[in-house]
Amino acid sequence: MQGQAQQQAYDRGITIFSPDGRLYQVEYAREAVKRGTASIGIRTSDGVVLAVDKRIPSPLLEDSSVEKIHKADDHIGIASAGHVADARQLIDFARRQAQVNQLRYGEPIGVEGLTKEITDHIQQYTQVGGARPFGVALIVGGIQNGEPRLFETDPSGTPYEWKALAVGADRAELQEYLEEHYDDDATLDDGITLALDALASVNDGSLLPSEVGLSTVDVETESFEIFDQDRIESALDDADLLGEDEPEDDDEE
Amino acid sequence: MQGQAQQQAYDRGITIFSPDGRLYQVEYAREAVKRGTASIGIRTSDGVVLAVDKRIPSPLLEDSSVEKIHKADDHIGIASAGHVADARQLIDFARRQAQVNQLRYGEPIGVEGLTKEITDHIQQYTQVGGARPFGVALIVGGIQNGEPRLFETDPSGTPYEWKALAVGADRAELQEYLEEHYDDDATLDDGITLALDALASVNDGSLLPSEVGLSTVDVETESFEIFDQDRIESALDDADLLGEDEPEDDDEE
Amino acid sequence: MQGQAQQQAYDRGITIFSPDGRLYQVEYAREAVKRGTASIGIRTSDGVVLAVDKRIPSPLLEDSSVEKIHKADDHIGIASAGHVADARQLIDFARRQAQVNQLRYGEPIGVEGLTKEITDHIQQYTQVGGARPFGVALIVGGIQNGEPRLFETDPSGTPYEWKALAVGADRAELQEYLEEHYDDDATLDDGITLALDALASVNDGSLLPSEVGLSTVDVETESFEIFDQDRIESALDDADLLGEDEPEDDDEE
Amino acid sequence: MQGQAQQQAYDRGITIFSPDGRLYQVEYAREAVKRGTASIGIRTSDGVVLAVDKRIPSPLLEDSSVEKIHKADDHIGIASAGHVADARQLIDFARRQAQVNQLRYGEPIGVEGLTKEITDHIQQYTQVGGARPFGVALIVGGIQNGEPRLFETDPSGTPYEWKALAVGADRAELQEYLEEHYDDDATLDDGITLALDALASVNDGSLLPSEVGLSTVDVETESFEIFDQDRIESALDDADLLGEDEPEDDDEE
Amino acid sequence: MQGQAQQQAYDRGITIFSPDGRLYQVEYAREAVKRGTASIGIRTSDGVVLAVDKRIPSPLLEDSSVEKIHKADDHIGIASAGHVADARQLIDFARRQAQVNQLRYGEPIGVEGLTKEITDHIQQYTQVGGARPFGVALIVGGIQNGEPRLFETDPSGTPYEWKALAVGADRAELQEYLEEHYDDDATLDDGITLALDALASVNDGSLLPSEVGLSTVDVETESFEIFDQDRIESALDDADLLGEDEPEDDDEE
Amino acid sequence: MQGQAQQQAYDRGITIFSPDGRLYQVEYAREAVKRGTASIGIRTSDGVVLAVDKRIPSPLLEDSSVEKIHKADDHIGIASAGHVADARQLIDFARRQAQVNQLRYGEPIGVEGLTKEITDHIQQYTQVGGARPFGVALIVGGIQNGEPRLFETDPSGTPYEWKALAVGADRAELQEYLEEHYDDDATLDDGITLALDALASVNDGSLLPSEVGLSTVDVETESFEIFDQDRIESALDDADLLGEDEPEDDDEE
Amino acid sequence: MQGQAQQQAYDRGITIFSPDGRLYQVEYAREAVKRGTASIGIRTSDGVVLAVDKRIPSPLLEDSSVEKIHKADDHIGIASAGHVADARQLIDFARRQAQVNQLRYGEPIGVEGLTKEITDHIQQYTQVGGARPFGVALIVGGIQNGEPRLFETDPSGTPYEWKALAVGADRAELQEYLEEHYDDDATLDDGITLALDALASVNDGSLLPSEVGLSTVDVETESFEIFDQDRIESALDDADLLGEDEPEDDDEE
């Protein structure tokens with residue numbers, strides 16, 4: 001109780017440190033990320049993979065309506081986890097930055113540069129008063145100078161570069177799975193399989209095409225591509241993860 | 001009590017997360033939506049249906065005065081549930097966006113694009129201080145590229161696309177009813193019947209024409225149409241739901 | 001006590017929802033309306049009637065000083081109940097809107113349009129911080145396209161259209177009286193009598209000319225007219241409601 | 001205690017209603033008015049009278065320094081009661097409004113129009129945050145269209161028109177005195193006598209010239225006139241109210 | 001205790017009235033004035049006298065450093081008591097007003113006009129939020145239209161005109177002394193003596209030249225003059241008040 | 001408890017002193033610095049060394065992603081410890097200042113001048129409301145007028161010049177180590193060895209190349225250089241500190 | 001406890017007086033000054049001396065890094081005590097004021113004028129909300145019109161002129177020492193000795209050159225001069241205060 005009362009004394013103001021140097025509102029925003037379904041990013045030798053869990057709470061909700069993978073530029077995709085409306089704000093911000101870069105310098109924005117524009121924007125919401133932090137984490141993947149790059153933005157506004165990562169629900173289990181199975185020499189197809197394997201590992205071992213979102217940016221074309229249901233189904237089939245589609249009354253989000 | 005005291009510590013500031021990553025003010029705004037009478041949207045093969053419960057608290061109140069269905073553009077209608085004055089603000093915003101789009105690009109705004117303009121506007125009221133969230137949910141329905149589309153905006157600022165949905169009072173029961181009876185191949189007339197059936201299911205099985213609002217946007221004409229009392233009566237008659245109109249002293253809202 | 005403490009936790013901030021989705025400050029503003037003397041509006045086949053209770057607290061106070069009926073435009077009148085200074089702000093706003101409309105479009109503003117301009121203005125004070133809601137309700141009556149129209153604005157910013165309504169003190173009793181005696185085919189003179197009957201019903205059955213305000217907008221002339229004491233006296237006489245004028249030391253407001 | 005604790009919960013924010021629809025800060029500002037010495041206004045057939053109690057706390061304080069009667073325009077005077085510094089702000093505001101009117105329309109401002117400009121200004125300080133209400137009441141008297149007019153502004157921003165009124169200390173007793181002795185056909189001189197009688201009635205029956213301020217605006221000249229000590233003394237003498245001037249150590253304000 | 005708890009509920013916000021209509025922050029600012037050493041102003045038939053107690057806490061502090069008498073314009077001097085840094089702000093404000101007046105109207109500012117510019121400035125800090133009141137009182141003395149005038153500004157922003165007054169520490173005793181000994185026909189030299197007598201009366205009957213500040217504006221020259229130590233010494237000598245200068249270790253402020 | 005309750009009364013507002021003259025929020029920001037891994041700066045006769053502990057929490061996280069050493073200008077490097085997102089803001093600020101200086105004066109910014117621009121920027125966040133202090137300390141090293149210079153910026157906004165210093169975790173132990181082993185005549189290579197020795201002293205005596213960041217600015221070239229893994233490995237080897245790289249499941253940050 | 005609770009009720013808001021007219025935040029800022037090491041200023045017949053205690057907490061910290069003596073203009077120096085980062089802000093402000101004066105009037109700023117620009121700036125931070133007071137005291141010394149002048153600025157924004165003063169730690173003892181030993185006819189060299197004697201008196205009777213900062217502005221050259229270590233050593237030697245430099249592990253600040 002003492003500890004809790006202590007914590008409560010410092011966790012309700014955004015622009016304030018606790019006595020041990022923590023920013024509680026940022027930590028709570030991380031909890032908001034965990035409340036969202038998982039998203040995974042994997043960097044392979046010939047491209048990056050973004051895969052998301054997008055199980056929907058009602059059979060009447062359009063699958064496409066659960067937007068967790070977004071195109072930021074021709075060569076960059078972003079997967080999100082957490083507060084959906086917040087994610088949309090950051091995606092809009094990212095797209096504007098990409099356009100501005102193109103306009104100003106006549107060339108596509110780099111994956112790293114874009115990520116840092118986003119995290120610097122996020123940081124402002126953790127230091128300056130009058131607004132709350134963003135309750136969302138993004139995985140930014142794309143090709144820069146012919147190399148696949150994969151970044152994370154977290155609610156504190158810190159950019160991280162990863163070989164492979166998971167954000168959102170079950171992050172700990174998924175990250176552990178990725179660490180165990182990641183192979184530096186994997187191809188894009190291997191990466192797709194690893195991402196789906198990881199998602200299935202926290203979903204009873206199989207997945208329905210409608211429950212998954214999948215996209216890639218390959219080194220060859222430098223083009224962001226979102227997979228349609230058929231390609232997802234065939235990818236699941238290749239990975240031996242295709243679940244049986246029984247019409248459930250699933251009402252969880 | 002502990003839990004409640006805990007909750008109270010975090011639910012009175014808009015721009016603040018609770019320790020488990022929730023935004024209480026947004027959740028309370030969702031309660032404001034539930035305090036409004038129900039609204040239903042149904043997407044059919046040849047158009048969308050918007051139907052609303054508009055029982056009025058006094059016989060002297062004009063039926064037309066309970067505005068729950070609004071024209072956003074020639075090809076888009078919006079049904080609302082929740083805080084009426086808030087709904088009017090969002091409808092005004094939507095209309096301005098539609099006009100701006102027409103002016104700027106010389107073409108009608110898309111249903112999806114309009115919905116997302118609205119939800120991005122809503123999100124701002126959940127992150128930046130100095131105002132409360134909107135206590136209203138909207139169902140945005142219309143035709144885009146010849147296809148019927150149906151969206152929801154909720155108080156968090158998240159856009160959802162639906163085949164059929166209910167917002168406001170009795171949402172759970174109504175949504176369950178829609179899930180059970182929705183048919184992907186239904187015609188616009190089937191959709192009207194389903195919407196009225198659903199509303200009647202939570203109203204003792206019958207409805208008065210004055211208690212219902214009804215509108216459609218069909219694929220053919222791409223025109224938003226509000227039904228007058230005669231058409232509503234005939235639709236209720238067709239659906240075998242026409243209640244008997246006895247002058248009650250109903251004083252509930 | 002628990003309930004009360006609960007309520008107090010949410011009722012002191014304007015821009016905040018309670019856990020059950022209510023806006024307490026708006027509800028308290030409705031109480032401010034009830035603290036004002038009653039105002040009545042009645043729509044008849046050939047015009048609208050606005051009647052107000054304007055008993056004055058001191059014989060030295062000028063009757064005309066209790067302003068509860070206001071001219072908004074040549075064809076629109078407004079009766080108010082509640083916080084007088086707030087009412088004046090909204091009346092000023094309404095007049096400016098009427099003038100702007102005339103200037104911009106070269107035609108008089110509609111009764112409905114004017115009402116909604118007012119309610120949208122009111123709504124802002126319930127959502128954006130830094131000010132309290134308006135503690136006043138208005139009855140807006142006039143002729144639009146040759147038809148009599150009668151609207152209410154409440155402190156939440158919701159517009160309602162009525163056949164007949166009462167706001168302010170004794171609203172419940174007065175509204176019940178109107179519901180029992182309202183006749184869709186009544187003439188303007190019938191409407192005047194009904195309004196006076198209603199006011200008298202909560203005043204021991206009779207009224208003094210100085211205690212009543214009366215005005216009409218008839219379909220023929222489309223002109224807002226305020227009755228002088230003689231016309232009021234004759235109207236009371238016609239309605240058999242003329243009270244005896246004894247100089248009381250009445251000190252209630 | 002319960003009641004008090006209740007009240008304290010709502011009386012410390014300006015822009016907030018109490019559960020019963022009251023604005024406590026406005027009511028407390030009315031208490032600030034009562035802390036000031038009394039001011040009286042009387043409308044007669046041929047002009048208005050403004051009379052004020054201006055007893056001074058120290059014999060070294062200049063009588064003229066207690067400013068309670070102010071010239072607003074050639075034809076309008078204002079008497080104040082309550083917080084002196086606040087009164088000065090409103091008087092300045094009134095003078096500027098009078099000048100602006102002259103400049104803009106080439107004619108003197110009306111007494112009623114000026115009063116309402118002032119009350120609308122006052123109202124803003126009761127609704128919009130960041131400032132407290134004005135702790136002062138004004139009596140605005142003058143000639144408009146050849147007619148004497150007499151108005152009051154209170155801290156809520158409500159304008160009242162009176163035949164005769166008192167504000168400040170002893171308001172209840174003074175108002176009762178005025179109600180008993182007011183005569184609609186009184187002349188300006190009668191009005192002066194009535195005002196002095198009233199003030200004397202709460203001052204042991206007599207007054208010193210230095211303790212009273214007196215001014216008139218008569219219908220003939222339409223000119224605001226402040227009485228000097230000689231005229232006040234002669235008026236007191238005429239009214240048989242002239243007290244004996246003994247140098248007291250009066251230290252009340 | 002109850003009374004105290006009551007008071008504490010209302011005394012920590014600037015822009016807020018207490019239930020009995022008081023502004024506590026203004027009253028506390030008056031306490032800040034009392035914490036400063038005394039200042040005295042005296043109006044005589046041929047000029048005004050400003051005299052101040054300026055005992056210094058350390059022998060190493062320069063006498064001239066305790067600035068309590070200031071030149072506002074050639075013909076106007078100001079003595080202050082209370083928070084020194086606040087006084088400097090108001091003096092700067094007064095000097096700017098004097099210059100602006102000269103520039104705009106080509107003539108020196110009046111003593112009364114200047115005083116009221118200052119008090120109106122002070123009032124703003126008692127009504128509008130975001131700043132505290134000024135913790136200082138000023139005595140403004142000078143010649144206007146050939147007449148000596150003497151004013152006070154207090155923390156509420158009220159202007160007073162005096163024949164003679166004291167502000168700061170021991171105000172009550174000093175004011176009583178002045179009331180007893182003030183003579184309307186006194187000359188400037190008599191005024192100086194009275195001022196020094198008063199100061200000595202609360203200082204064991206004698207004064208050191210270094211502990212006193214003295215200045216005059218006489219009707220003849222209309223020039224503000226500050227006395228140097230020699231003139232002060234001779235004035236003290238004339239008044240038979242010259243104390244013996246023993247080097248004390250006085251460490252009080 | 002008393003002491004703690006006391007402290008809590010003053011530590012939650014940024015722009016507020018405690019009774020003993022401390023700024024708690026600044027002190028808590030210093031705790032945020034200690035939560036980051038250590039950074040070390042060493043000034044030698046022929047250049048400065050920046051060395052950082054950059055152990056990463058997951059084998060999938062890119063080493064390069066943990067940015068603790070930054071180039072501010074060609075001749076100035078900055079090492080950081082503490083809140084990463086805050087560090088990025090200050091680095092951006094530093095780079096802009098360097099560019100502005102080059103643009104404005106046509107010459108590179110001095111190390112001292114740049115440091116003070118940064119600390120003055122930091123100070124603003126400790127005095128003006130609406131934002132929290134920066135939770136980061138920087139070590140700014142470079143060549144100015146041919147001399148190596150080494151500075152620290154702390155969360156209070158104070159600049160310090162050092163011969164050698166450590167910030168972040170284990171500051172006390174590291175600083176003590178540096179004080180014991182620092183030699184004024186050391187060469188750049190000696191400095192590198194001392195920095196690595198110090199880091200190893202709190203890391204079981206050995207380091208992995210991937211866990212260390214290293215950079216120098218030497219007097220000769222005046223160029224900031226970041227060491228790649230090979231150079232780091234060889235430096236560790238030279239210092240006899242090369243640890244064995246066993247693939248651990250290290251999950252600490 | 002009662003007294004403490006009382007005090008706590010008023011000491012956490014900047015722009016607020018306590019019931020006894022005190023500004024607690026300003027008083028706490030004075031405590032921040034006392035937390036800094038001492039600074040001394042002495043005015044002599046032929047110049048001013050500024051001397052500071054600058055013991056450093058670590059042997060690796062550059063002596064020059066502890067900046068307590070600053071050049072404000074060619075003829076004015078400033079010594080500070082208290083919050084270092086705040087001091088830097090005021091020094092910057094002072095330098096800009098000096099430049100502006102030179103630019104605007106073509107002549108160097110006076111010592112008194114500069115001091116008052118600084119104190120007026122400081123005062124703003126004690127009256128207007130949104131920032132805390134400056135936690136620093138300055139000693140401003142220089143030559144004005146051929147005369148040595150010595151001023152102090154304190155956190156309330158009050159300017160004082162001194163013959164000799166100490167600020168910061170041990171102020172009371174140091175000031176007492178100065179009062180006992182100050183000689184109006186002392187030369188600049190005497191002043192240096194007195195300053196060092198005073199500092200030594202609270203430092204076990206001797207000082208190390210590295211622990212002292214020393215500077216002068218003499219009447220002859222009107223130039224601010226900072227002493228280097230050699231001159232300080234020789235001054236200490238002259239004053240017979242030279243301590244023995246043993247390499248301690250002194251870790252206090």
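Residues numbered from 1 in each chain as written. Chains lettered and ligands numbered in written order. Predicted model: local features only at pLDDT ≥ 70, side-chain atom pairs only at ≥ 80, totals over all residues. Heavy atoms only, no water.

Under the annotation held in an unreviewed UniProt entry, chain A carries the name Proteasome subunit alpha and is attributed to Halovivax cerinus. Recorded under Subcellular location (unreviewed entry), the UniProt text for chain A is reproduced unchanged: "Cytoplasm". Per UniProt, the comment on chain A under Function (unreviewed entry) is "Component of the proteasome core, a large protease complex with broad specificity involved in protein degradation." (UniProt positions renumbered as here; feature names shortened; annotations may be inferred.)

## What to know about the interface of chain A and chain F
On the chain F side, the residues contacting the 37 residues of chain A number 36 residues. Across the chain A to chain F interface the summed buried area is about 3000 Å²; carbon plus sulfur atoms make up 52%. Among the residues chain A hides against chain F, the three largest losses belong to Phe17, Gln127 and Glu179 of chain A. Together they make up 22% of the total. Summed over the shared surface of chain A and chain F, the result is three salt bridges. For Arg88 of chain F, the salt bridge is made with Asp120 of chain A, and the minimal N-O distance between the two is 3.1 Å. Connecting chain A to chain F are 15 residue pairs in polar contact (both at pLDDT 80 or more). Among the elements of the structure, helix H1 (2-8), helix H4 (111-127), strand S7 (159-161) and helix H5 (171-181) of chain A are those that each provide at least two residues to the side of chain A that touches chain F. With eight residues, H4 of chain A is the single largest residue contributor to the side of chain A that touches chain F. (Contact = heavy atoms within 4.5 Å. Buried area = accessible area lost by both parts, 1.4 Å probe. Salt bridge = Lys/Arg side-chain N within 4 Å of Asp/Glu carboxyl O. Polar contact = N/O pair within 3.5 Å; in protein donor to acceptor, adjacent residues only side chain to side chain. Helix = DSSP H or I, 4+ residues; strand = E, 2+ residues; numbered from the N terminus.)

## Observations regarding the interface of chain C and chain B
Listed as interface residues are 37 residues of chain C and, on the opposing side, 36 residues of chain B. At the boundary of chain C with chain B, total buried surface from both sides reaches about 3000 Å², with 51% on carbon and sulfur atoms. The largest share of the area that chain C buries against chain B comes from Phe17, Gln127 and Glu179 of chain C, three residues that together contribute 22% of it. Across the contact surface, chain C and chain B share three salt bridges. If you look at where chain C meets chain B, you find 15 residue pairs in polar contact (both at pLDDT 80 or more). Per element, the largest residue contribution to the side of chain C that touches chain B is eight residues, and it comes from helix H4 (residues 111-127) of chain C.

## Observations concerning the sheet that holds strand S10 (residues 224-226) of chain E
Residues and elements named next belong to chain E. The strand order across the open sheet built from five strands is S8-S1-S2-S9-S10, with neighbouring strands paired in antiparallel fashion. The open sheet has two edge strands with one neighbour each: strand S8 (164-167) and S10. Direction aside, the axes of adjacent strands within the sheet are offset by 15 degrees on average. As defined by bridge partners, strand S1 (residues 39-44) adjoins S8 across four bridges and the pair is classed as antiparallel. In the sheet register, Ile40 faces S8, and the bridge partner there is Ala166. In the packing of helix H5 (residues 171-181) onto the sheet, the strands contacted are S1 and S8, and the crossing angle to S8 comes to about 165 degrees. Packing against the sheet, helix H6 (residues 188-201) makes contact with S1, strand S2 (47-53) and strand S9 (212-218), and its axis sits at approximately 20 degrees to S2. (Pairing = 2+ DSSP bridges. Axes fitted to C-alpha atoms, helices over the stretch in contact; angles between N-to-C directions.)

## Thoughts on the pattern of salt bridges
Applying the stated criterion across every chain yields a total of 122 salt bridges over all chains. Arg43 of chain C is the partner of Glu62 of chain B in a salt bridge, and the nearest nitrogen-oxygen pair spans 2.8 Å. You can see Glu62 of chain B sitting in the loop between strand S2 (47-53) and strand S3 (69-73) and its partner Arg43 of chain C sitting in strand S1 (residues 39-44), one on each of two chains. Each member of the pair, Glu62 of chain B as well as Arg43 of chain C, carries the same accessibility label: buried. One network of salt bridges, in which partners are shared, links Arg43, Glu112, Lys116, Asp120, Arg149 and Glu161 of chain A together with Glu62, Glu67 and Arg88 of chain F. (Buried < 20%, exposed > 50% of the residue type's maximum accessible area, 1.4 Å probe, protein only.)

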